[in-house]
Amino acid sequence: MQYINYQKVKAAKKMLTDCSINVNEVAYALSFKTPTYFMRVFKKYTDMTPSEYRKTFNETPKKISKQQS
């Protein structure tokens, strides 16, 4: 089960960075029973919530581009 959850979190990371769908939709798309369970599993593997992960990813390119200017 741990391997399956790891693979789901890996897919979730890609979906959170490549798509604009909300966290609940990501959870259901990856067959988690509830968004709350998805968030708990995601945090276990990444030490951040899905929303924090998305925010971190979306802010990183902006910070890099400001430093290059």
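Refer to the structure above for everything that follows.
In this text, all values refer to a predicted model and were calculated from it rather than measured experimentally.

Caption draft 1: Representation of the environment of methionine 48. Relative to the helices and strands, methionine 48 is located in the loop between helix 3 (35-46) and helix 4 (50-68). Residue methionine 48 is classed as partly exposed on the basis of its relative accessible area, which comes to 22%. Those residues within four positions of methionine 48 in sequence are excluded, and the remaining contacts are Phe42, Lys43, Tyr53 and Thr56.

Caption draft 2: Fine view of helix 1 (residues 2-18). Given a rise of 1.5 Å per residue, 17 residues ought to cover 24 Å, and the 24 Å separating the end C-alpha atoms of helix 1 matches this to within 8%. Three or more residues of helix 1 are buried, namely Asn5, Lys8, Val9, Ala12, Met15, Leu16 and Thr17.

Caption draft 3: Quick peek at the packing of aromatic side chains. Tallied over the entire structure, the rule returns five aromatic pairs. Summarising the aromatic geometry, the rings of phenylalanine 32 and tyrosine 37 are spaced 5.9 Å apart at their centres and angled 55° between planes, so their arrangement reads as tilted. Among the residues examined, phenylalanine 32 registers a relative accessible area of 4% and is labelled buried. The cationic tip of lysine 8 hangs over the ring face of phenylalanine 32; the distance from NZ or CZ to the ring centre is 4.8 Å.

Caption draft 4: Just the pattern of salt bridges, in detail. Inspection of the entire model under this criterion finds one salt bridge. Close ionic contact of lysine 14 with aspartate 18 constitutes a salt bridge, the shortest N to O distance being 2.8 Å. Taken together, the residues lysine 14 and aspartate 18, both in helix 1 and four residues apart, mark about one turn of the helix. Assessed through its relative accessible area of 54%, lysine 14 is described here as exposed.

Caption draft 5: Broad picture of the environment of tyrosine 53. Locating tyrosine 53 in the fold gives a position in helix 4. Between the C-alpha atoms of tyrosine 53 and lysine 13, which are 40 residues apart in sequence, the distance is 7.8 Å. For tyrosine 53, the contacting residues outside a window of four places in its chain are Lys13, Leu16, Thr17, Phe42 and Met48.

What counts and how
- Residues numbered from 1 in each chain as written.
- Predicted model: local features only at pLDDT ≥ 70, side-chain atom pairs only at ≥ 80, totals over all residues.
- Heavy atoms only, no water.
- Helix = DSSP H or I, 4+ residues; strand = E, 2+ residues; numbered from the N terminus.
- Buried < 20%, exposed > 50% of the residue type's maximum accessible area, 1.4 Å probe, protein only.
- Contact = heavy atoms within 4.5 Å.
- Expected span 1.5 Å × (residues − 1).
- Phe/Tyr/Trp six-rings, centres within 6.5 Å; stacked < 30°, edge-to-face > 60°.
- Lys NZ or Arg CZ within 6 Å of the ring centre and 35° of its normal.
- Salt bridge = Lys/Arg side-chain N within 4 Å of Asp/Glu carboxyl O.

Fair warning: the whole summary comes from geometry, so function is off the table for now.
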